[in-house]
Amino acid sequence: MSKFWSPFVKNLVPYVPGEQPKLAKLVKLNTNENPYGPSPKALAAMQAELNDNLRLYPDPNSDLLKNAVAGYYGVQRNQVFLGNGSDEVLAHIFHGLLQHDQPLLFPDISYSFYPVYCGLYGIRFDAVPLDEHFRIDPADYAKPNGGIIFPNPNAPTGCLLALDAIEQILKASPDSVVVVDEAYIDFGGETAISLVDRYPNLLVTQTLSKSRSLAGLRVGLAVGHPDLIEALERIKNSFNSYPLDRMANVGAAAAFEDREYFDMTCRLVIESREQLIAQLQAKGFEVLPSAANFIFARHPQHDAAGLAAKLREQGVIVRHFKQERIAQFLRISIGTPEQNQALIDGLGDL
């Protein structure tokens, strides 16, 4: 703490990202990164952009990428917003659309950045408990609110909410913005972007960090009614007019164009997920239904923190959360078949 800090800074509780270990030869299954590399077409596009034009600012509107996203999802360009990773997109959403008198609603077990943003922007919130099966019940959100946000599939549980359930939430709060955070939707769900033209209060966010293997590039997006997008553009242009660099614009656009590679890698992750679930269940684990590139599992006879420590000794890193309701769960990212086997081998004979 310093006398030079603004007063609110001392009360902030920052987000803690998953560990990024510096040690070599570790099987890293703790941050939900894609085990397969980016599209070769995306890499080629970025390599082609490594030229003298780097002395010039990038397109502040990212028209190339906006056109690619709009074409991919069948929406208009003025329905697309882009940012430096979906976390920046979410930050602008919290700042520009979710600061109201009534509390913001989100699940009690969810993306842990949500309460951080509430602290940063002074937003009151109500953490709505998941049901006994760790699922979102749409009826729990049919109450006065200043906005609603939830991941779909939820994180860290991996549980998916169907589109009709999302519509139930939208219809119950027509005067509030409902944000569906789809960081993991491509691994088993159906995007709510198909609903944005019917519900002007719906905003859908996505990232290229997971299903398109570009976590190191930092590209996020939102799709919704043009009025919602305009608010985000105003925030962006009052904060940073050039959030996406030249590499990000061309690489992300090429990734959206390479549907064949995208479909292949998503299929491989899904197949590996189902195989890993079966292997863990054979060892006595309870595994929640997952539509993400990770699973959420616990063993009735073994402490989760102890299992995480045991795996680390074997060179395998998974994510353990200390939150009371989920303290006995491990979140395990889906790796290659070889990485997943290292996890199984590291658990040994339970």
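Residues numbered from 1 in each chain as written. Predicted model: local features only at pLDDT ≥ 70, side-chain atom pairs only at ≥ 80, totals over all residues. Heavy atoms only, no water.

Engineer: Looking at this structure, I do not really get the side chain of Arg212. What am I missing?
Structural biologist: Note that Arg212 resides in the loop between strand E7 (202-207) and strand E8 (220-224). Contacts of Arg212, omitting those with residues within four sequence positions, involve Pro38, Tyr72, Asp186, Ala255, Phe256 and Phe262. (Helix = DSSP H or I, 4+ residues; strand = E, 2+ residues; numbered from the N terminus. Contact = heavy atoms within 4.5 Å.)

Engineer: What exactly am I supposed to notice about the packing of aromatic side chains here?
Structural biologist: When we look at a pair of aromatic rings, we describe it by the centre distance and by the angle of the planes. Under the criterion given, the structure shown has 14 aromatic pairs. For the ring pair Phe106 and Phe125, a centre distance of 5.0 Å and an interplane angle of 20° mean the geometry is stacked. Here Phe106 is found in strand E3 (residues 104-107), whereas its partner Phe125 is found in strand E4 (residues 125-128), with 19 residues between them in sequence. By relative accessible area, which is 39% here, Phe125 ends up partly exposed. Where Phe296 meets Phe329, the ring centres are 4.6 Å apart and the plane angle is 5°; that geometry is what we call stacked. (Phe/Tyr/Trp six-rings, centres within 6.5 Å; stacked < 30°, edge-to-face > 60°. Buried < 20%, exposed > 50% of the residue type's maximum accessible area, 1.4 Å probe, protein only.)

Engineer: Would you explain the layout of surface pockets in this entry?
Structural biologist: Rolled over the atoms, a probe as big as a water molecule pinpoints where empty space is left. Counted as a void, the second largest pocket has a volume near 380 Å³. Every residue lining the second largest pocket is counted, 19 residues in all, and those nearest its centre are Ser110, Tyr111, Ser112, Pro115 and Gln323. For the lining of the second largest pocket, the elements supplying multiple residues, two or more each, are E3 and helix H4 (113-121). Per-class residue counts for the lining of the second largest pocket are 13 nonpolar, three polar and three charged. (1 Å grid on protein atoms, 1.4 Å probe; cavity = no way out; pocket = protein on both sides within 12 Å on 5 of 7 lines; lining within 4 Å. Points joined across faces, edges and corners; volume = space filled by probe spheres on them. Nonpolar A, V, L, I, M, F, W, Y, C, P; charged D, E, K, R; others polar.)

Engineer: For this particular structure, what's the right way to read the packing of helix H1 (residues 40-48) against helix H7 (residues 246-257)?
Structural biologist: Each pair of packed helices can be described by the angle between their axes along with the distance between the axes. Axis separation between H1 and H7 bottoms out at 8 Å; the angle between their running directions is 155°. As far as their axial angle goes, H7 and H1 are roughly antiparallel. The crossing of H1 and H7 is right-handed. Along the contact surface, H1 presents Lys41, Ala42, Ala45 and Met46, while H7 presents Met247, Val250, Gly251, Ala254 and Ala255. For the contact of H1 with H7, the residue count by class is seven nonpolar, one polar and one charged. (Axes fitted to C-alpha atoms, helices over the stretch in contact; angles between N-to-C directions. Parallel < 35°, antiparallel > 145°, perpendicular 65-115°, else oblique. Left-handed = near helix turned anticlockwise from the far one by under 90°.)

Engineer: Before we go on, may I ask you to explain the pairing of strand E10 (residues 294-298) in this structure?
Structural biologist: Each regular strand carries side chains that alternate between the two faces of the sheet. In terms of burial, E10 is a largely internal element, four of the five residues being buried. Judged from the two bridges that link them, strand E9 (residues 286-287) and E10 form a sheet pairing that is antiparallel. Opposite Glu286, over in E10, you have Arg298 as the bridge partner. Remark: six residues form the turn of the hairpin made by E9 and E10, two consecutive strands paired antiparallel. (Pairing = 2+ DSSP bridges.)

Engineer: Would you mind going over the UniProt feature "modified residue: N6-(pyridoxal phosphate)lysine" (unreviewed entry) in the protein chain with me for this structure?
Structural biologist: If you check UniProt for "modified residue: N6-(pyridoxal phosphate)lysine" (unreviewed entry), the listed places come out as Lys210 in our numbering. The topology assignment puts Lys210 in the loop between E7 and E8. On the basis of relative accessible area, Lys210 is assigned to the buried category, the value being 15%. Residue contacts for Lys210: discarding those within four places in its chain leaves Thr31, Asn32, Asn34, Ala183, Tyr184, Phe187 and Asn293. (UniProt positions renumbered as here; feature names shortened; annotations may be inferred.)

Engineer: How do you make sense of the pairing of strand E13 (residues 330-333) when you look at a structure like this?
Structural biologist: In E13, alternate side chains face the same way, and those of Leu330 and Ile332 on one face and Arg331 and Ser333 on the other are all buried. Inspection of the sheet shows E10 paired to E13 by four bridges, in the antiparallel sense. Residue pairing for E13: Ala297 is matched across the bridge by Leu330. Bridging between strand E12 (residues 319-320) and E13 involves two bridges; their strand directions are antiparallel. Its bridge partner lying in E13, Arg319 is registered against Arg331.

Engineer: Would you take a moment to explain the environment of His225 for this structure?
Structural biologist: Relative to the helices and strands, His225 is located in the loop between E8 and helix H6 (226-236). Here the alpha-carbon distance between His225 and Asn78, two residues 147 residues apart in the chain, equals 8.2 Å.

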